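Residues per chain are reported as follows:
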Amino acid sequence: MNPERIGNYELLEYLTAGGMADLYLARGPRQDGPIVLKTIQRKYVELTRVVKMFIDEGRIAKALDHPNIVRIYDVGSSAGAYYIAMELIVGRDLLAIARRGIEAGRFLPVHLAAAILAQVATGLVYAHEKRDEDGLPLAIVHCDISPGNVVVSFGGTAKIVDFGIARAAIQLRAEDHSIVGKYNYMSPEQILGKPLDARADLFALGIILYELTVGRRLFRGRAEDVKARITGGVVPRPRDVRPDLPEALERIILKALEVDRERRYGSARELRRDLYDFLAHDGHAAGKRELAEYLREIFVPASQRIAVPGAPENEDLDLGVGFVGGFAKDESDDELSLESPLPGLTDLVVDADDPEPGPLIVTKEVPLVAERTLAVPPSHAVSPQGAVAPDPQHPPARGSDLLFALVAIGVAVALYLLIRA
């Protein structure tokens, strides 16, 4: 096998190793710009059940075509190498965003955290309700929603990653005891080994929403302690930890974290509706423009921001650093400790008190690329107070989807040209 190719894909650069996969920057036969190729590591290929699940789940994920889910282009094998070809995202995962916000002294504002999770919920609505060609529900559940599996592009779009290998990774943990399980974002029913449905993803979403708005890790510590707290419903009330948190948002968080799934949100659509209602009455603008501006402020030095000649006011073309994420255990995080800018709150990062942090996202820097900050799409609702939030009653128009797609293609082409240069 040509070491510079896997099947029809030319390998441009090795990116990182993950818990079960290697990631490459690659070029495919049908994509104009670079993509990410994720391959099962050779040592796991003999685990037939894991490989089969990797391929089967990847093929299901390939059918998911939504702006808030990372696009899967291809799934297959070549000369014993099993791969998933996927979209290259120019952005950062929620873990990196939270950490950088702490470092910059501007932790993610509550309304922007809610807006990100509303986008994630929108992606879950699509996935959970997806049907096959015969109209039968596919019953897709991600099973591994976590801060490292949500990436926000520098254009302000939140995307769920790894729909294609979540179940395979979980199965691998069961068959290879050397790999630590991630209990910190599991639902009670998942820990107890019960059959799962969409509500398991909503519990995980509730944990993320708690952490991003309260400013504190919810379930941390030794695996057995974490499992006992999750299954026992031990959740400190958010406003007891952060009194200024809006009551409406606390109600959303606690409903998503109900240990009894019959009392939890019944669907991602219901959770998304409540997040939209909160945003509409919050009084803060929280569209993609605001998310993009926040990411620029914490990640991009002011000296690197440039304006586009002739562009409308507030429509800048900023230089941002592109990152490609992959799963790996970052040992250095065990001693990392940063203070939260929120008075009286603990840090959000992993430190020595968290002996089993689980797999984290490790990023590899790629050349500077340009991405346009887009205005709030017309499908967003504006409240009387001027707040901007996605309108669940009016899905985005296809024209706006096309515009975002064209921008994404332009970013990918620019990145590829810079890499080849």
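Residues numbered from 1 in each chain as written. Predicted model: local features only at pLDDT ≥ 70, side-chain atom pairs only at ≥ 80, totals over all residues. Heavy atoms only, no water.

Draft legend 1. Quick look at the overall build of the protein chain. When its secondary structure is counted, the protein chain shows twelve helices and 14 strands. Counting across all 421 residues of the protein chain, residues that qualify as buried make up 55%. At a minimum sequence separation of 6, the contacts of the protein chain that also span at least 24 residues come to 69%. Of the roughly 18300 Å² that the protein chain leaves accessible, carbon and sulfur atoms contribute 51%. (Helix = DSSP H or I, 4+ residues; strand = E, 2+ residues; numbered from the N terminus. Buried < 20%, exposed > 50% of the residue type's maximum accessible area, 1.4 Å probe, protein only. Contact = heavy atoms within 4.5 Å. Areas by Shrake-Rupley, 256 points an atom, 1.4 Å probe, with all protein chains shown as cover.)

Draft legend 2. How the structure looks around the sheet that holds strand β8 (residues 150-153). Here we have three strands laid out as an open sheet, ordered β7-β8-β9, and antiparallel in their pairing. Only two strands of the sheet have a single neighbouring strand rather than two, namely β7 (91-93) and β9 (158-160). Shown here is a sheet whose adjacent strand axes are inclined to one another by a mean of 30°, direction ignored. Both β8 and β9 contribute to a ladder of three bridges, which runs antiparallel. Bridged to V152 within β9 is A158. Lying over the sheet, helix α2 (residues 94-103) contacts β7 and β8, oriented at roughly 90° with respect to β7. (Pairing = 2+ DSSP bridges. Axes fitted to C-alpha atoms, helices over the stretch in contact; angles between N-to-C directions.)

Draft legend 3. Just the packing of α2 against helix α11 (residues 288-299), in detail. One can describe the packing of α2 onto α11 by two numbers: an axis separation of 9 Å at closest approach and a directional angle of 60°. The angle between α2 and α11 places the two elements in the oblique class. Our pair here, α2 against α11, has a crossing hand that is left-handed. Two secondary-structure elements touch here, α2 through A96, I97, R100 and G101 and α11 through Y294, L295, I298 and F299. When grouped by side-chain class, the residues that make up the contact of α2 with α11 number six nonpolar, one polar and one charged. (Parallel < 35°, antiparallel > 145°, perpendicular 65-115°, else oblique. Left-handed = near helix turned anticlockwise from the far one by under 90°. Nonpolar A, V, L, I, M, F, W, Y, C, P; charged D, E, K, R; others polar.)

Draft legend 4. Structural view of the environment of Y183. Note on placement: Y183 falls in the loop between α4 (166-175) and α5 (188-191). Taking C-alpha positions, Y183 is 9.1 Å from E224, a pair spaced 41 residues apart along the chain.

Draft legend 5. Expanded view of the confidence of the model for the protein chain. Here the protein chain shows a mean pLDDT of 73. Residues at 70 or above account for 66%. Within the protein chain, no element has a lower average pLDDT than strand β12 (residues 360-372), which sits at 28, and none a higher one than helix α9 (residues 247-256), at 97. Counting interchain partners and residues more than four positions distant, the pLDDT-below-50 stretch residues 307-401 has 232 contacts. (pLDDT = per-residue confidence, 0-100.)

Draft legend 6. Spatial organisation of the sheet that holds strand β4 (residues 35-40). Here six strands make up an open sheet; going across it, the order is β1-β2-β3-β4-β6-β5 and the pairing antiparallel. At either margin of the open sheet sits one strand with a lone partner, and together these are β1 (5-6) and β5 (72-78). Here β5 runs beside strand β6 (residues 81-86); their pairing, made up of six bridges, is antiparallel. Looking at the pairing, I72 lines up with M86 of β6.

Draft legend 7. Broad picture of the pairing of β4. The element β4 is largely enclosed, with a buried count of six among its six residues. Here β4 shows two buried faces, one formed by I35, L37 and T39 and the other by V36, K38 and I40.

Draft legend 8. Representation of the side chain of N68 within the structure. Locating N68 in the fold gives a position in the loop between α1 (48-62) and β5. Here A158 takes part through its backbone oxygen, which lies 2.8 Å from a polar atom of the side chain of N68. For N68, the residues in contact, after removing those within four places along its chain, are Q119, T122, G123, T157, A158, K159 and I160. (Polar contact = N/O pair within 3.5 Å; in protein donor to acceptor, adjacent residues only side chain to side chain.)

Draft legend 9. Local environment of unusual backbone geometry. Here A79, not a glycine, exhibits a phi torsion of approximately 50°, which is positive. Note that A79 resides in the loop between β5 and β6. For A139, which is not a glycine, the phi torsion comes out positive at approximately 55°. Along the chain, the position of A139 falls in the loop between α3 (110-128) and β8.

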